[in-house]
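# Remarks on the overall topology
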Amino acid sequence: MDFVRGFWSKHRRKVFVTAGCLGSGYFLYKLYNSHTRRLADLQRQLANDREHDENIKAQMKAHFENIQMIVDSTTLPHAMRCLSISIREEIDVSSVMERLNRGKGVLSQSEKLHLWDQLKILSFTRMVLSLWSVTMLSLYIRVQVNILGRHLYVDTARALDTSSHLLEELDLIDRDDEQKFLSSADFLVTNAMPGLILNMQTAVSEVLKGMQLKDVITTRVLQETLLRIVDVFMSSGSPHHWVDYLMMPQDTKLSRTTSGETVSKFNQLMVETRQVLISTEFTDIVEISLKCFTDALVEEMETQSVAGGLATGMPLAKMLPQIEKTIPVIIAEPGKNQFLQLIRDMSEVQVFFTLLYASMPQ
């Protein structure tokens, strides 16, 4: 007993320290073990979140690719058929060519020159109008369908995450608004074509003023002439005036809508589409696409010309019939239209529409 008292008295401080260390060690172990479990749970949660995010990304990517296929296989072919018919009917050069052929040996020199000048203006108007319309309508429809597709995807996701009794409170796009929005792509053909032709012809007349039938046209001259016509047309009038050829003018009341008023989904889609069309990013895409189309068209005409033709230079009078031969190629259906395929495959265009689809609706 005396030994125990002596040992306790002698080693009491060490025992307390050791016990304290053992207690602290046990406490630290429990703390570390708890932290490790929480960290493992967090890692599992993050892994699940990453998997969920990857699934969402994969679904959006598949949906986006499906939308592009719909554009190429359904929406765009219909629009191009209507556009092709409209251009053939609205700009008729056959009557002028027929009068020239019938008037050989009958028409006076001044009458022949007048008809040739008419043919020159009409041929270039028809070619540049076709080039511009095909490019712009294809881009516009892609903007339209990507905006609608993104809204429908978000609506579907919201509906799946919402209880059935709350579905009526969601502001979803109905079938009527969807159809009305898509059919608005016909505006160019059904409403805007006469005004577009008139203003395009004005631009053509300004650029070709002073160009004689005997003037030699080379590949470079033709390319510069076409780009100049497009530039004059695009820069005439108010900024972004060309948007009004693609879609109906925006209702000014929409821009003054107060927070207490409701705007239909159709109007919301139209406002969002116009905002995209007047954006700097879309304007850049338009410029790139029109230049790509023009360059490829001139190259195609050079290839098809006889005995060097455009490569070495040919009189304007001899080039006019060749212009007429290119029109069916320009307005060919999307599956056979090499120019539309070039625009669609440009990296700048692909990135633009990917970002447009991925951006969340406001």
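In the block above lies the structure referred to throughout.
The structure displayed is predicted, hence computed values, not measured ones.

### Comments concerning the packing of aromatic side chains
With the rule as written, the count across this model stands at 7 aromatic pairs. Taken together through their ring pairs, the aromatic side chains of W242, F282, F352 and F353 make up a single cluster.

### Observations concerning the pattern of salt bridges
For side chains of opposite charge, pairing can occur when their charged atoms come near one another. Applying the stated rule across the entire model yields 9 salt bridges. Residue R220 pairs with E224 through a salt bridge whose shortest N-O separation is 3.0 Å. Pair noted here: R220 and E224 are both in helix α6 (residues 219-235), with a separation of 4 residues, about one helical turn. A relative accessible area of 60% places R220 in the exposed class.

### Quick notes on the nonpolar core
Judged by nonpolar contacts, the single largest core of 88 residues is most densely connected at F124, M127, W132, L222 and W242. Contacts of W242, omitting those with residues within four sequence positions, involve W132, M136, M234, L277, F282, T283 and V286.

### As for the packing of helix α4 (residues 175-183) against helix α8 (residues 265-277)
Contact geometry for α4 and α8: axes closest at 9 Å, N-to-C directions at 35°. In the packing of α4 onto α8, the handedness of the crossing is right-handed. Taking contact as the criterion, the partners of D177, K180 and F181 in α4 are, on α8, K265, F266, L269, M270 and T273. Along the lines of polarity and charge, the residues of the contact of α4 with α8 split into 4 nonpolar, 1 polar and 3 charged.

### Concerning the environment of V93
Structurally, V93 is set in the loop between α1 (2-90) and α2 (94-102). Through-space distance from the C-alpha of V93 to that of E324 is 8.7 Å; in sequence the pair is 231 residues apart. Contacts of V93, omitting those with residues within four sequence positions, involve L119, L122, S123, R126 and E324.

### Quick look at helix α11 (residues 338-345)
Those residues of α11 not exposed but buried are F339, L340 and I343. With its buried residues spanning 100° around the axis, α11 presents them on a single face. With a side-chain oxygen lying 3.1 Å from the backbone nitrogen of F339, the N-terminal cap of α11 falls on N337.

### Considering the packing of helix α9 (residues 280-304) against helix α10 (residues 316-330)
At a minimum axis distance of 11 Å, the contact between α9 and α10 shows a crossing angle of 125°. Put simply, α9 runs oblique to α10. For α9 against α10, the interelement crossing comes out right-handed. On the side of α9, the interface is formed by F293, L297, M301 and Q304, while α10 contributes Q322, I323, T326 and I330. Class assignment for the residues of the contact of α9 with α10 results in 5 nonpolar, 3 polar and no charged.

What counts, and at which threshold
- In every chain, residue numbers begin from 1 and rise along the written sequence.
- Reporting in this predicted model follows two pLDDT cut-offs: at least 70 for local features of residues, and 80 or more for side-chain atom pairs to be given and counted; totals over whole chains, interfaces and linings ignore these cut-offs and use all residues.
- In computing side-chain properties, one takes all heavy atoms of the structure into account and sets aside hydrogens as well as water.
- In summary, the pairing rule links any two rings of Phe, Tyr or Trp, Trp by its six-membered ring, whose centres are within 6.5 Å, and it sorts them by plane angle into stacked for under 30 degrees, edge-to-face for over 60 and tilted for everything else.
- By salt bridge we mean one thing: a side-chain nitrogen of Lys or Arg within 4 Å of a carboxyl oxygen of Asp or Glu.
- Secondary structure follows DSSP: runs of H or I at least 4 residues long count as helices, runs of E at least 2 residues long count as strands, and numbering of each begins at the N terminus.
- We call a residue buried when its accessible area falls under 20% of the maximum for its residue type, exposed when it is over 50%, and partly exposed in between, using a 1.4 Å probe and counting protein chains only.
- In these notes, a set of buried Ala, Val, Leu, Ile, Met, Phe, Trp, Tyr and Cys residues joined through side-chain atoms within 4.5 Å is what counts as a nonpolar core.
- In this description, contact between two residues means that some pair of their heavy atoms is separated by no more than 4.5 Å.
- Axis definition: a line fitted to C-alpha atoms, limited for helices to the stretch in contact. Angles are taken between N-to-C directions and run from 0 to 180 degrees.
- By definition, any crossing whose near helix is turned counterclockwise from its far helix by less than a right angle is left-handed, and any crossing with a clockwise turn is right-handed.
- Only Asp, Glu, Lys and Arg are considered charged, only Ala, Val, Leu, Ile, Met, Phe, Trp, Tyr, Cys and Pro nonpolar, and every remaining residue, Gly among them, polar.
- By arc we mean the arc of the directions from the helix axis to the C-beta atoms, nothing more.
- Pairs of N or O atoms within 3.5 Å make up the polar contacts considered here, provided that, within protein, one atom can donate a hydrogen while the other can accept it, and that residues adjacent in sequence are counted only when both atoms are side-chain atoms.
- In this scheme, roughly parallel covers angles under 35 degrees and roughly antiparallel covers those over 145, while 65 to 115 is roughly perpendicular and the rest are oblique.

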